[in-house]
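The residues making up each chain are set out below.
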Amino acid sequence: MMKLKFSISIFALLFLAACDPFHTKIEDQEFTVIQYEARNKTTPTATPSTLKIATWNIKFGGGRIDFFFDCHGDRVLMTKTEVLENMTGVAAKVRNMNPDVIFLQEVDIDSKRSAYVDQVQYLLDNTDLNYAVYASQWQADYVPSDGVGQVNSGNAILSKYPLNNAERIALPLIAEQSGLVQYFYLRRNILLADLTINNKTVKVLNTHTSAYSSDGTKKEQLEIIQKRVADLDAANIPFILGGDFNNLPPNSTTYCNFDDDVCTEESGYASLPCDVLLEELSNMQIYASYEAAIPQAKYESNQSIYGTFTSDKDGFWNRKLDYIFTNGDFVDGAGMVHQGVSSGGMATMPLSDHCPITTIFKWN
Amino acid sequence: MKTKISYIIVLMMSVNVIFAQDTIPEKTEGNNVWHENSAKVLKQGRTESGLFAPMRIGLKNQMELSVHPIWFFVMPNAKLKKNWTLNDNNKFQVASEHGFTFPTILLNLLAKNGTGGIFPADQKAPAILTLNNKVIMSYFYHPDHSVSLKLGMEFNALASMYNGFAPVELLIAYPRTASYSRFYTGEIALAFSGTFVKKVGYDGDIKLFLIPDDKLTWVLEWNPKVYYNVSDKFRIMAGALVTTGNIPHEKAAVRAIPVFDLQYSFNKSKKKKKK
């Protein structure tokens, strides 16, 4: 009987490997990027001299609900009312920032956990942004874990101006995961598109790297991202790269044992050991090559005012994981981390476990 | 409602009586003692089971009891089938089937964090008891082949609607759990059963699940199977389950899975008469 059950398990794994019955594999081709338009478009500045750029991980519209993966609670699913309430706050903050381009991570478009609300369309219809491209990094007809169910979540770039030639580039999967977990787990990517205004084109790239790998996968992902922008730079193509890198900047004085690290090993969401996190500080080589919304020197002078993440809604932003880089020019001093009313004009703690960053890109 | 059901049963039995003289000729392919997907029940004393099939026990008075023995510990279940036909060899036969399931334990076992958490850990199921009732009308148009019409309804007997129930939005699972958060669901099926050659049999259901929602939700399922009867005691089954429907949020137009079973049987030993 045991041999038979073992054989059945092997057969099931082979079946999954050979087929894609739950549609979790995302083909790395152009058509896997979804294009969106707002139902009612606004008219942006025809000849801008600058563009306001933002990046924000919106935690799938989950606000500050205590989900199981943060280990502050055990929620899995939201009601539609909860999602729309949270998204109302997110849209209000986006309007408050008024970006020309915003990079969003952890955006759900068709997930059971967020009541199947298409959050990209919602934001287009409730802000002044007109166009968007979306690339999934977690897609499954059904995830048989934690009651997650159906999920489609990923990266999006929203813009007042048209986006063309959008492309999804796959990043490596976490090698230390088993085949079965890998099949149902996130598939990280770089989403890129052309932003063209008055015959000038800038490549906009959005990414969200792994949070929980301890086998060097995150470093590999960051190296691929860095290589990609290096190739653009070498070809004299201007780019703006934003995203959640899940990595602290170099020379961060606090890099582990944060107050909000409450997950245990058993949960599967525990923070990595301190020696691993220390080593990860050297992953952000990109700082040395390109201009950052928050320059490294500024960050090192007062690290606490540049934190962009905390899992504790009663705490404070305690680590910087979100970035915007360019090989062009940002307006000096324009970079801002929207930690709250005093920096950004609106409370952001209730809206997500990340706060947004903005900066101003010199277009001409 | 009870009166209407009584009328239907009486009507079917009347039809049975009218054709009481119309009997099934002797089978051309030998006596198939295995369970058939029809109004017929197992012979008294015969028990069948399989890796995945329920255990079926032939009782007296043309009755058959079936239970999923492995599931029973986490989802108590049982079904009783009664063949109402006066003559077992009638071409027309009528049976009714009545069963229950108590899925609460299983639902709560599957509501957990981590792999295998089909339902969210923060959603615990109330006590749910479903009662399933079916009428089966079979016509043996050939000694070795039959076609059956099945009409069934499933009721949530304790009226404890699982209001927070987050269903599995997959075609294969959805209709089987729909009654947990509704008062009733319906089912209509057409079944074909028979023997190709001496050792090879077949059966297949074309089943339509009807789930009352704001708009009617339906799932159509086809379950063709082929059996190889190694002997009266052992057989192998292979087939498929193909489904389509309009359940909310299901991405696939059609889902299909292979099905397979190894089935065995044993008969109650007859007591030897003392000389």
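All figures in this text were calculated on a predicted structure; none of them were measured in a lab. Chains are numbered independently. Their residues run from 1 in the order of the written sequence. Lettering of chains starts at A and numbering of ligands starts at 1, both following the order in which they are written. In keeping with the predicted nature of the model, local features appear solely for residues at pLDDT of at least 70, side-chain atom pairs appear and are counted solely at 80 or more, and the whole-chain, interface and lining totals rest on all residues.

Peer 1: Before we move on, could you go through the overall build of chain A and cite the residues and values that matter?
Peer 2: Here a helix means four or more residues in a row that DSSP labels H or I, a strand means two or more in a row labelled E, and each is numbered from the N terminus. Counting its secondary structure elements, chain A contains eight helices and 13 strands. Seen through its C-alpha atoms, chain A measures out along the principal axes to roughly 70 × 45 × 45 Å. Whether a residue is buried, exposed or partly exposed follows from its count of other C-beta atoms within 10 Å of its own C-beta, namely 20 or more, 12 or fewer, or something in between, respectively; the C-beta atoms are built from the backbone. Residue burial in chain A is summarised as follows: out of 364 residues, 46% are buried. Relative to all contacts within chain A whose residues are 6 or more apart in sequence, the contacts with residues 24 or more apart total 75%. Residues are defined as contacting one another if the C-beta atoms placed from their backbone atoms lie within 7 Å.

Peer 1: How would you explain the sheet that holds strand 3 (residues 63-67) of chain B if you had to name every residue and give the values?
Peer 2: Note on pairing: DSSP must find at least two bridges between two strands before they are called paired. With antiparallel pairing, 12 strands are arranged side by side around a closed barrel as 1-2-3-4-5-6-7-8-9-10-11-12 (chain B). Pairwise comparison of adjacent strand axes, ignoring direction, gives a mean angle of 20° for this sheet. As a rule, the C-alpha atoms of each element are fitted with a line to give its axis, helices using only the stretch in contact, and angles between N-to-C directions run from 0 to 180 degrees.

Peer 1: An account of helix 5 (residues 217-234) of chain A is requested, with residue identities and associated values reported.
Peer 2: For an α-helix, the turn length of 3.6 residues means that residues three or four places apart are oriented alike. All names here are of chain A. The length a helix should cover is 1.5 Å for every residue beyond the first. Along its 18 residues, helix 5 runs 25 Å from first to last C-alpha, staying within 8% of the 26 Å computed at 1.5 Å per residue. Those residues of helix 5 not exposed but buried are Thr217, Lys218, Gln221, Leu222, Ile225 and Val229. Buried positions in helix 5, seen along its axis, are confined to an arc of 140° and lie on one side of it. For helix 5, the exposed residues set more than 90 degrees away from the buried face come down to Lys227, Asp231 and Ala234. Each element contacted by the buried residues of helix 5 is listed here: strand 7 (189-197), strand 8 (200-208), strand 9 (239-244) and helix 6 (274-280). Two residues or fewer past helix 5, Asn236 is found with a positive phi of approximately 60°. Read the arc as the range of directions from the helix axis to the C-beta atoms.

Peer 1: Give me the nonpolar core: which residues, what numbers.
Peer 2: Only buried Ala, Val, Leu, Ile, Met, Phe, Trp, Tyr and Cys residues enter a nonpolar core, and they are joined through C-beta atoms within 7 Å. If you look at the biggest cluster of nonpolar residues, it comprises 100 residues, and the most contacted ones within it are Ala132, Val133, Tyr134 and Ile157 of chain A. It is strand 4 (residues 131-143) of chain A that provides the largest number of residues to this core, a total of nine residues. Once residues lying within four places of it in the same chain are set aside, the contact partners of Ala132 of chain A are Tyr36, Val120, Leu124, Ala156, Ile157 and Leu158 of chain A. One finds Ala39, Val41, Val94 and Ala95 of chain B within the second-largest nonpolar core, a separate group that totals six residues.

Peer 1: Got a sec to walk through the sheet that holds strand 7 of chain A? Specific residues and values, please.
Peer 2: On the basis of which strands lie adjacent, the open sheet formed by six strands has the order 6-7-8-9-11-10 (chain A) and mixed pairing. Either end of the sheet is taken by a strand with one partner, and the two such strands are strand 6 (163-170) and strand 10 (291-292) of chain A.

Peer 1: I'd love a proper account of the interface of chain A and chain B, names of residues and values included.
Peer 2: Every contact between the two is made by 16 residues of chain A and, on the other side, 18 residues of chain B. Listing elements by their share of the side of chain A that touches chain B, those giving two or more residues are strand 4 and strand 5 (149-159) of chain A. In terms of residue class, the side of chain A that touches chain B is built from six nonpolar, six polar and four charged. Three residue categories are used. Nonpolar comprises Ala, Val, Leu, Ile, Met, Phe, Trp, Tyr, Cys and Pro, charged comprises Asp, Glu, Lys and Arg, and polar comprises the others, including Gly.

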